[in-house]
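Secondary and tertiary structure notes
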Amino acid sequence: MSLEKFLNQAVSSWMSAEGPDSDIVLSSRVRLARNVRDYKFPIIFSSEEGQKIIESVYRSVEGQHFSTIGSLELLVMDELQPLQKRVLVEKHLISPNLANNSILGACILSENEEVSIMINEEDHIRIQCLYPGLQIAEALKVANEIDDHIEQHVDYAFDENIGYLTSCPTNVGTGLRASVMMHLPGLVLTHQMGRIVPAINQLGLVVRGIYGEGSEALGNIFQISNQITLGKSETDIVEDLESVVAQLIAEERSAREALAKTSNIELEDKVFRSYGVLSNCRIIESKEAANCLSDLRLGIDMGYIKNISKNILNELMILTQPGFLQQYAGGPLRPDERDARRASLIRERLNLEQ
Amino acid sequence: MLCQECNERPATLHFTKIDNGEKTMMHLCQHCAQEKGEAFMLNSAFSINNLLAGLLNFHNHVQQAEKAPVIKKEPLQCEACSMTYQQFIQIGRFGCANCYEAFKEQINPILRRLHSGNGAHNGKIPSRIGGGIHLRKNIETLKQSIQELITREEFEKAAEIRDQIRSLEKQLDLRDEGGN
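Quick caveat, the model's predicted, so the values are computed rather than measured. (Residues numbered from 1 in each chain as written. Chains lettered and ligands numbered in written order. Predicted model: local features only at pLDDT ≥ 70, side-chain atom pairs only at ≥ 80, totals over all residues. Heavy atoms only, no water.)

Let's talk about the overall build of chain B
The helix and strand tally for chain B stands at eight helices and two strands. What you see in chain B, going N to C, is helices and strands ordered as β-β-α-α-α-α-α-α-α-α. Every one of the 180 residues in chain B was classed for burial, and the buried ones make up 31%. Of the contacts made within chain B by residues no fewer than 6 positions apart, 36% connect residues no fewer than 24 positions apart. A total accessible area of about 12,500 Å² is found for chain B, and carbon and sulfur atoms account for 51% of it. (Helix = DSSP H or I, 4+ residues; strand = E, 2+ residues; numbered from the N terminus. Buried < 20%, exposed > 50% of the residue type's maximum accessible area, 1.4 Å probe, protein only. Contact = heavy atoms within 4.5 Å. Areas by Shrake-Rupley, 256 points an atom, 1.4 Å probe, with all protein chains shown as cover.)

A few points about the interface of chain A and chain B
Between chain A and chain B, the contact holds 43 residues from the first and 35 residues from the second. Of all residues in chain A, the largest losses of buried area upon contact with chain B belong to Glu151, Glu160 and Pro169 of chain A, amounting jointly to 18% of the total for that side. One can count four salt bridges joining chain A with chain B. Measuring nitrogen to oxygen at the nearest pair gives 2.7 Å for the salt bridge that ties lysine 124 of chain B to aspartate 147 of chain A. (Buried area = accessible area lost by both parts, 1.4 Å probe. Salt bridge = Lys/Arg side-chain N within 4 Å of Asp/Glu carboxyl O.)

Looking at the domain arrangement of chain A
All names here are of chain A. Per the domain assignment, the segments of chain A are domain 1 (32-156) and domain 2 (253-352). On a C-alpha basis, the centres of domain 1 and domain 2 stand 32 Å from each other. Counting from both sides, the interface comprises six residues of domain 1 and, opposite them, seven residues of domain 2. When the two sides are added together, the surface that domain 1 and domain 2 hide from each other amounts to roughly 620 Å², 69% of it contributed by carbon and sulfur. Among the residues domain 1 hides against domain 2, the three largest losses belong to Leu83, Val87 and Glu90. Together they make up 69% of the total. Linking domain 1 with domain 2 are two residue pairs in polar contact (both at pLDDT 80 or more). (Domains from an automatic or database assignment. Polar contact = N/O pair within 3.5 Å; in protein donor to acceptor, adjacent residues only side chain to side chain.)

Regarding unusual backbone geometry
One non-glycine residue, aspartate 21 of chain A, adopts positive backbone phi at about 55°. You can see aspartate 21 of chain A is positioned in the loop between helix H2 (13-16) and strand S1 (25-34). We classify aspartate 21 of chain A as partly exposed; its relative accessible area is 31%. Here serine 82 of chain B, not a glycine, exhibits a phi torsion of approximately 55°, which is positive. Along the chain, serine 82 of chain B falls in the loop between helix H3 (48-66) and helix H4 (85-91).

Brief notes about the packing of helix H6 (residues 136-151) of chain A against helix H9 (residues 234-262) of chain A
All names here are of chain A. With their axes 10 Å apart at the nearest point, H6 and H9 run at an angle of 155° to one another. What the angle tells us is that H6 and H9 run roughly antiparallel. The way H6 lies across H9 gives a crossing that is right-handed. Residue-level inspection shows Ile136, Ala137 and Leu140 of H6 in contact with H9, the latter providing Glu234, Val238, Leu241 and Glu242. (Axes fitted to C-alpha atoms, helices over the stretch in contact; angles between N-to-C directions. Parallel < 35°, antiparallel > 145°, perpendicular 65-115°, else oblique. Left-handed = near helix turned anticlockwise from the far one by under 90°.)

A look at a nonpolar patch on the surface
Judged by side-chain polarity, Ile43 and Ile44 of chain A together with Ile91 of chain B come together as a nonpolar surface patch covering roughly 220 Å² of accessible area. Inspection of the secondary structure puts isoleucine 91 of chain B in helix H4. Residue classification places isoleucine 91 of chain B among the partly exposed residues on the basis of a relative accessible area of 35%. (Patch = residues over 30% accessible without salt bridge, like charges linked within 9 Å, V, L, I, M, F, W, Y side chains within 5 Å.)

Things to note about the pairing of strand S5 (residues 125-132) of chain A
Along a regular strand, successive side chains alternate from one face of the sheet to the other. All names here are of chain A. Most of S5 sits inside the fold, with eight of its eight residues counted as buried. For S1 and S5, the ladder comprises eight bridges, and the chain directions are antiparallel. Bridge pairing in S5 links leucine 32 to isoleucine 127. Remark: five residues form the turn of the hairpin made by strand S4 (residues 115-119) and S5, two consecutive strands paired antiparallel; asparagine 120 in that turn has positive phi of roughly 60°. (Pairing = 2+ DSSP bridges.)

Below you can see the structure in the form of structure tokens.
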């Protein structure tokens, strides 16, 4: 398969489109957790119950056309190949938990891949909306629209005092998790993340690296999300997150300006070295690729590099994950083969730009 | 870099272990990492689940210590899904929506702790099954504003609000009757 054709199939709109503040905010996501009344939660329900939930949720949205997202398709986890599931996980359309653990799991996916409704994950229903750039409020609006629609046909487990009842007590209340994925190389290079992360934590928000383990953030990409789901309204949760993100954007921009002023030539050198590695490498590990891609994207944002599209970071961070590489190769790959395949995919992708 | 276990194959997996603030690095090849796999998995089991279970357990101990001497009771269990409170503590997940009611006394303080002191839902209400709740919440907010208006001596406005409350209460009555 040619790379161009593969990209057309592989790239979801949230990876390729540009949204507000997309020089720093890569994507915005909203997730609503809901359960059906009088059914046991997925950790202990019977397969009969699980089957009924898939049917009733799918029936509630089947054939519907929602304002912006197009038609919906049902994917049953049991009927997918492991590699297909892995690709859906790497595109952030389903959770690893749904792909690996759930026998009665399913996912209702919108045509443009902006909306995915996970069924029988930890909760019966998880409505997820994923948008490019900073668009949390827009994502919430669409999630609410789908939620209202499902609720017309399905009785939700809801309590007047503690809201939507979820399997895990950390989601009860609104069942809302809102998150943004941010590229913050300026704050990392100026060693400010150590100061910023604890401050954000105190506001009831969580910061973590989205790729890589523990506190390490591969490619300087961080995810910021709300921790509290009970006691605040959906709008308040989204507004609190937006205001912190707005401050982070301002701090990142001023860090980039300061870097340009104080160490312009060093920064330019770093950017072009990484560009050199990406365009010439024959073997590259995911960690090195992530760091070089982050540098390249910073170089594009700061105007050192022209004629390369901005979404290259978003796109290649996902396309160079093991699942995607294997799908592109058309079969399983050993880790060393992956590194070679990753290098050739990146070189080809950069060639498409010229 | 060569794998530090076999010193033959290149190291492709790099582990950072932080133990009591001390950082140790391990560089392994795919093969050796798989062999050592179990040792790593033990450590990575430290997740939100375990943290939550820890929090729930801790709370239990405190309660028991306060209520000495302990009277042996039937194990607390949800009648709808037969999950026991002990099971909930271990997995940190409820078995069904009724568990919230069954373990109410135990979990309400924990909910507050998990959500920064908040214990009451303040967000969306499902429109179809929550119609009555909508009305009651509206009436509550109007009653609060009526008090404010009275203290500011804006009686005309207060009278308007009072009429609004009456009409909402009528709707609520009709609704409840219709439901029966």
